[in-house]
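Below, each chain spelled out in residue letters.
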Amino acid sequence: MQFKSHTQAPARLKSDCMVIPLFSDDARSNQHLKALPKNIENRVKSMVSRGVLSGKAGETVYLQDDSIKNTDMLLICGAGSVKQIDRESLRVFGGNMITALKNRKFKTVSLLIPDKFNMDKDHSAMSQSIVEGIVLGSYEYTRYKDAKQRSKWPERIVLIAPQKTNKPSFEDGIKTGRIAGWGQNLSRELIGHPSNYLTPQEMARVCRNLAKQYKFQCKVLSEAQIARLKMNCLLAVNAGSDKPVHFIIMSYKGPRAPQKPVCLVGKGITFDSGGISIKPAANMDEMKGDMGGAACVIASIASAAQLKLPVNLVALVPTTENLPSGSAYKPGDVLTALNGVTVEVLNTDAEGRLILADALAYSHRLKPAAIIDVATLTGAAKIALGFAAAAFFVNNDKLRKQFNQAADNSGERIWEMPLWKDYQEQIKSSIADIKNTGGRPAGTCTAAAFLNNFTGDFPWAHIDMAALDVEYKGGAYKPKGSSGYGVRLILEFLRNWK
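Predicted model only: the values in this text are computed from it and were never measured.

Definitions and limits used
Residues numbered from 1 in each chain as written. Predicted model: local features only at pLDDT ≥ 70, side-chain atom pairs only at ≥ 80, totals over all residues. Heavy atoms only, no water. Core = buried A, V, L, I, M, F, W, Y, C linked by side-chain atoms within 4.5 Å. Buried < 20%, exposed > 50% of the residue type's maximum accessible area, 1.4 Å probe, protein only. Helix = DSSP H or I, 4+ residues; strand = E, 2+ residues; numbered from the N terminus. Contact = heavy atoms within 4.5 Å. Pairing = 2+ DSSP bridges. Axes fitted to C-alpha atoms, helices over the stretch in contact; angles between N-to-C directions. Parallel < 35°, antiparallel > 145°, perpendicular 65-115°, else oblique. Left-handed = near helix turned anticlockwise from the far one by under 90°. Nonpolar A, V, L, I, M, F, W, Y, C, P; charged D, E, K, R; others polar. Salt bridge = Lys/Arg side-chain N within 4 Å of Asp/Glu carboxyl O. Phe/Tyr/Trp six-rings, centres within 6.5 Å; stacked < 30°, edge-to-face > 60°. Lys NZ or Arg CZ within 6 Å of the ring centre and 35° of its normal.

Re the nonpolar core
Inside soluble globular proteins, nonpolar side chains tend to come together where they are buried. With 61 residues, the main nonpolar core has F216, I372, F403 and I463 as its most contacted residues. By residue number, the principal contributor to this core is helix α8 (residues 292-307), which donates 11 residues. Look past the residues within four positions of I372 in its chain and what remains in contact with it is V262, C263, L264, V265, F403, A461, I463, I490 and F493. Y329, L338, A361 and A448 belong to the second largest nonpolar core, which has 50 residues in total.

Concerning the pairing of strand β9 (residues 262-266)
Summarising burial for β9: 5 of the 5 residues are buried, a large majority. Neither face of β9 is left uncovered, since the one carrying V262, L264 and G266 and the one carrying C263 and V265 both have all their residues buried. Of the pairings in the sheet, the one linking β9 to strand β14 (residues 370-375) comprises 5 bridges and is parallel in character. Pairing of G266 across the sheet is with V374, part of β14. The sheet contact formed by β9 and strand β11 (residues 312-322) spans 4 bridges and is parallel. Bridge pairing in β11 places V265 opposite L316.

Concerning the packing of helix α11 (residues 397-410) against helix α14 (residues 487-495)
Relative to each other, α11 and α14 sit at 125°, their axes nearing to 8 Å. Looking at the two axes, α11 sits oblique to α14. Every pair of crossing elements has a handedness; the one defined by α11 and α14 is right-handed. Contact residues: α11 offers L399, Q402, F403, A406, A407, N409 and S410, while α14 offers R488, L489, I490, E492 and F493. Of the residues that constitute the contact of α11 with α14, the class distribution is 7 nonpolar, 3 polar and 2 charged.

Describing the pattern of salt bridges
In the structure shown here, the tally under the stated rule is 20 salt bridges. Taking the shortest distance from any N to any O, the salt bridge between E88 and R91 comes out at 2.7 Å. Placement of the pair is E88 and R91 together in helix α2 (residues 87-101), with a separation of 3 residues, close to one helical turn. Exposure remark for R91: the relative accessible area of 1% places this residue in the buried category. Between R488 and E412 there is a salt bridge whose closest N-O contact spans 3.8 Å.

A word on the packing of aromatic side chains
Per the counting criterion, the structure on display carries 12 aromatic pairs. Ring plane angle 75° and centroid distance 5.1 Å describe the contact between F247 and Y362, whose orientation is recorded as edge-to-face. Within this pair, whereas F247 is found in strand β8 (residues 246-253), its partner Y362 is found in helix α9 (residues 352-363), the two being separated by 115 residues in sequence. Their ring planes at 50° and their centres at 5.5 Å tell us that F392 and F403 sit as a pair that is tilted. Within this pair, whereas F392 is found in strand β15 (residues 390-394), its partner F403 is found in helix α11, the two being separated by 11 residues in sequence. We note that F392, like F403, is buried. Ring pairing ties together the aromatic residues F392, F403, F493 and W497, which thus form one cluster. A cation over a ring is seen here: R104 above Y62, with NZ or CZ 4.0 Å from the ring centre. In this structure, K398 is placed above the aromatic ring of W497, and the distance from its NZ or CZ to the ring centre is 4.2 Å.

Observations concerning the side chain of T444
With respect to the helices and strands, the residue T444 is situated in helix α13 (residues 443-452). If we ignore the near neighbours within four places in the chain, the residues touching T444 are T378, A380, A381, A391, F393, M417 and D464.

Pasting the structure below:
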């Protein structure tokens, strides 16, 4: 799907369908209506006064009118209250609009954007949010479906800007929205793959291909190299699988980037059975998505490279399966992590924190300005916050402030939880330095406390997205299935990182 921008009169632009946003509390606020034949404006206003159109978010009504010579169809698309326009409402608008266009076989669609959609001086947030909604709302996981079952979408969306638009900024917003949406859809695609396809080896291949295509660096460490580094926690989790372990290192340095990198770390368990501490059979199929953190950081660095962000970025992905076998690691084992910390294993299903421990310890070699890890880490995060937000832990005020702003801008919520010393007491071991679980109480907090033993004195943020890797309910730009959560959050953070 291509995106174009125009500032010319809408009646002069040829398209198969023209989309007119309509507010629920101000039917006359779209100045583009005045540029159309008078009967169109009168017709819309009449339908509003008769209650045929309400303008509420999600409402879509098609109209045909021969008085517009350069378009075949009109689509009136509800935008909700003009008083409640923000980034999220525009994403919802874009998602609702593209859903209404699904399988209509339109090639070119023009969207008449009202000036009251604008939220900033340079118009970029407006165009970015609309395009994100369109790109995200048109996503379908179709890899294993017959081509005949795949939906048809418009080939081109033309955004007709409001009057007095800052066109360069408006077009920058379109580009950012398109790439941010692409990145989240890439994450969705990776999470959606079955684990017999997306093995650790395949994940490494995907990363190499992305690096080649978008001009960043990718290095994949073999099992022998991982062993020489003494990443024993990662090796232990892999011991039950017959597929080789990988440690993926991706790096991108943009123009005028600072010397110290931001380090992203993503949990890459391509299938999690729980190992010897095996999970219940019900819903175990969803454990193909236990590499949601890895998908997030892979898509984030690929998107940052496309946007040419002025950041120094390194993404680390430890990737393996967690399976039971005669060679699998066991409850009661003691492991020595890369930084020398010893870990008593009480539950082999608490494996994500083990592979992250070695990756976090490795990140110290980079002397990073900040470390951010993303992981589907604990079921306890779902108990604490439901499906509304990711659990967020942070040890640095600058990171706290910038991530809260990024969450507001992206619409991907986080909720800060504590790193109190009480939780370190809860994971003390009688035979090792720490144990890999503190039991059921405060499970999300004790998992974060565990990771904190491997972050050193570096600024660090931990995002536990365990409740958000799958979209169960669905929404305007959130089709059911893998969610791709976190990519837009990370990109917003990186766009404003200094």
